[in-house]
Amino acid sequence: MPHTAIDTEAHWTQSGWHGWVYGWKLHVLAVVAAVWIPLAAELTPANAADNEVAPALIREAPAEARYLLGDLHLLALCTLLSASTFPLCPGP
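A few points on the structure. (Residues numbered from 1 in each chain as written. Predicted model: local features only at pLDDT ≥ 70, side-chain atom pairs only at ≥ 80, totals over all residues. Heavy atoms only, no water.)

**So, the overall build of the protein**
Then, number 1: Summing up its helical and strand segments, the protein has two helices and three strands in all.
Then, number 2: Nonlocal contacts in the protein, meaning residues at least 24 apart in sequence, comprise 21% of its contacts between residues at least 6 apart. (Helix = DSSP H or I, 4+ residues; strand = E, 2+ residues; numbered from the N terminus. Contact = heavy atoms within 4.5 Å.)

This is the structure:
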């Protein structure tokens with residue numbers, strides 16, 4: 001078990017896949033092709049909510065981007081946002 005006094009900025013979070021996790025989370029926006037090219041990234045404590053970090057990363061997407069792929073959390077975020085704010089989100 002990690003000692004929380006070693007890294008005082010890291011936090012605990014509960015993962016559906018891994019149970020309780022202590023540490024950090026890397027959020028990445030990348031081009032998915034033959035080679036994956038990262039366009040934007042944000043390192044946050046493990047308990048940071050994806051829906052709070054995703055909007056800033058999506059804004060970093062180039063104008064030429066046509067699609068946005070993500071998990072159910074990203075889809076839920078897109079339903080809350082207007083298409084004019086995030087045109088990469090799928091329409092209704």
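**Things to note about the sheet that holds strand β1 (residues 11-15)**
Then, number 1: Judged by pairing direction, the sheet is antiparallel, and its three strands sit side by side in the order β1-β2-β3 without closing on themselves. Only two strands of the sheet have a single partner each, and these edge strands are β1 and β3 (37-45). Across the sheet, the mean angle separating the axes of adjacent strands is 55 degrees when strand polarity is ignored.
Then, number 2: As paired elements, β1 and strand β2 (residues 19-31) share five bridges and run antiparallel to each other. The residue of β2 that forms the bridge with H11 is G23. (Pairing = 2+ DSSP bridges. Axes fitted to C-alpha atoms, helices over the stretch in contact; angles between N-to-C directions.)

**What to know about a nonpolar patch on the surface**
Then, number 1: A grouping of W24, L26, V28 and L43 is seen on the molecular surface, where their side chains present a nonpolar patch of about 410 Å² in accessible area.
Then, number 2: Looking at the nonpolar patch element by element, the count peaks at three residues for β2.
Then, number 3: You can call L43 exposed: its relative accessible area is 54%. (Patch = residues over 30% accessible without salt bridge, like charges linked within 9 Å, V, L, I, M, F, W, Y side chains within 5 Å. Areas by Shrake-Rupley, 256 points an atom, 1.4 Å probe, with all protein chains shown as cover. Salt bridge = Lys/Arg side-chain N within 4 Å of Asp/Glu carboxyl O. Buried < 20%, exposed > 50% of the residue type's maximum accessible area, 1.4 Å probe, protein only.)

**Section: the nonpolar core**
Then, number 1: In this structure, L29, A40, V53, A54, L57, I58, A61 and L68 together form the largest nonpolar core, which totals eight residues.
Then, number 2: Counting residues per element, this core draws most heavily on helix α1 (residues 50-59), at four residues. (Core = buried A, V, L, I, M, F, W, Y, C linked by side-chain atoms within 4.5 Å.)

**So, the packing of aromatic side chains**
Then, number 1: Within this structure, the stated rule accounts for one aromatic pair.
Then, number 2: Ring plane angle 50 degrees and centroid distance 5.1 Å describe the contact between W12 and Y22, whose orientation is recorded as tilted. Within this pair, whereas W12 is found in strand β1, its partner Y22 is found in strand β2, the two being separated by 10 residues in sequence.
Then, number 3: With a relative accessible area of 34%, W12 lands in the partly exposed category. (Phe/Tyr/Trp six-rings, centres within 6.5 Å; stacked < 30°, edge-to-face > 60°.)

**A short note on the layout of surface pockets**
Rolled over the atoms, a probe with the dimensions of a water molecule shows which regions are left empty.
Then, number 1: A volume near 200 Å³ is recorded for the second largest pocket.
Then, number 2: In terms of lining residues, the second largest pocket is bounded by T13, Q14, S15, G16, W17, H18, V21, W24, K25 and A46.
Then, number 3: Of all the elements in the fold, those that place two or more residues in the lining of the second largest pocket are β1 and β2.
Then, number 4: Among the residues forming the lining of the second largest pocket, the class breakdown is four nonpolar, five polar and one charged. (1 Å grid on protein atoms, 1.4 Å probe; cavity = no way out; pocket = protein on both sides within 12 Å on 5 of 7 lines; lining within 4 Å. Points joined across faces, edges and corners; volume = space filled by probe spheres on them. Nonpolar A, V, L, I, M, F, W, Y, C, P; charged D, E, K, R; others polar.)

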